[in-house]
Amino acid sequence: TRKIGQSNPLASASNNVSVVLVADCDVSAGSNVTISGLTGSQTDDSAGLAVWSPSEGAFESSGVWTRGSGRLTVRVGTQGLEHGVAYVLSFVLQNQASNQSSPGVSVKASVVSLAGPYVGEGEYETMEKAGTSALGVARGGDPLEVHVASFRTRRIVQSNPLAWASNRLNVTLEPDCDMAGGSNVTISGLTGTESVDMEELEVTSSAAGLFARSGAW
């Protein structure tokens, strides 16, 4: 088994990449597992990219990350990997700033031999993707599938065009993905008003809890 998925397909977002591996042989401590093809992230090269696993001792706590090739090499921990057992490994990358289809990703093992210096070299094999949606994005659960958040509907009208008058602006928005609480929506280009800059311009919404009660103007 060699499955891979992600938590967040949105552009420039922090993205938890999760891997499930079942080896077909015992993999001794000190061996390497290499995942390759995770191209299109903004995460710089690192000799110590943090990794997590719920299986204590299965993997070391960091790996070597190379951005250009999208390659992560993680050393097997002191407990080794037992054949036929599912192990989960996860790490966080930053998505790129533009749309991207999920690249092809592969994995291999380099297994340390207890009998001598030569390593049992595996071959790269294609990893399985679930093809499921995430945050409302089709196939958004596939690794490094990246979507730039937008609005399918984006209308704005005003209540009063008369000079010096108070004027309520009504905006209708339909997002093309799920937007978590705490996200920001920015409307730009509303020039030519007499309203002074303020940190808490009153905002109302058609339903409670959709937006904060004020915004920065």
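Above: the structure in question.
Rules used throughout
- Residues numbered from 1 in each chain as written.
- Predicted model: local features only at pLDDT ≥ 70, side-chain atom pairs only at ≥ 80, totals over all residues.
- Heavy atoms only, no water.
- Helix = DSSP H or I, 4+ residues; strand = E, 2+ residues; numbered from the N terminus.
- Rg over C-alpha atoms; globule rule 2.2 N^0.38 Å.
- Lys, Arg positive; Asp, Glu negative; His and termini not counted.
- Charge placed at Lys NZ, Arg CZ, Asp CG, Glu CD.
- Core = buried A, V, L, I, M, F, W, Y, C linked by side-chain atoms within 4.5 Å.
- Buried < 20%, exposed > 50% of the residue type's maximum accessible area, 1.4 Å probe, protein only.
- Contact = heavy atoms within 4.5 Å.
- Salt bridge = Lys/Arg side-chain N within 4 Å of Asp/Glu carboxyl O.

Trainee: Could you give an account of the overall build of the chain, with specific residues and numbers?
Mentor: Of regular secondary structure, the chain possesses 0 helices and 14 strands. Moving toward the C terminus, one meets the helices and strands of the chain in the order β-β-β-β-β-β-β-β-β-β-β-β-β-β. In terms of overall dimensions, the chain is more spread out than a globule: its C-alpha atoms have a radius of gyration of 24 Å, far above the 17 Å expected for 217 residues. Viewed in the frame of its principal axes, the chain has a C-alpha envelope of about 85 × 30 × 30 Å. The averaged location of the 21 negative side-chain charges in the chain is 6 Å from the averaged location of its 13 positive side-chain charges.

Trainee: Help me get a handle on the nonpolar core, residues and values and all.
Mentor: Among the nonpolar cores identified, the biggest contains 27 residues, and Ile35 and Phe91 are the most heavily contacted of them. Elements represented by at least two residues in this core include exactly β2 (14-22), β3 (32-36), β4 (46-52), β5 (59-66), β6 (71-76), β7 (86-94) and β8 (106-111). Per-element tally for this core: the top contributor is β7, with 4 residues. For Ile35, the residues in contact, after removing those within four places along its chain, are Ile4, Val19, Gly70, Arg71, Leu72, Phe91, Val105, Ser106, Val107 and Met127.

Trainee: Describe the pattern of salt bridges, naming the residues involved and giving the relevant values.
Mentor: One pass over the full model with this rule turns up 5 salt bridges. Between Asp44 and Arg67 there is a salt bridge; the shortest N-O distance is 3.3 Å. One end of the pair, Asp44, is in the loop between β3 and β4; the other, Arg67, is in the loop between β5 and β6, with 23 residues separating them in the sequence. For Glu121, the salt bridge identified is with Lys108, shortest N-O distance 3.2 Å. With a gap of 13 residues between them, Glu121 in strand β9 (residues 120-121) and Lys108 in strand β8 connect regions that are remote in the sequence.

Trainee: How would you explain the environment of Gly182 if you had to name every residue and give the values?
Mentor: By secondary structure assignment, the location of Gly182 is in the loop between β12 (169-175) and β13 (201-202). Among the residues examined, Gly182 registers a relative accessible area of 75% and is labelled exposed. Placed 126 residues apart in sequence, Gly182 and Glu56 show a C-alpha to C-alpha distance of 34 Å.

Keep in mind these numbers describe shape, not what the thing actually does.
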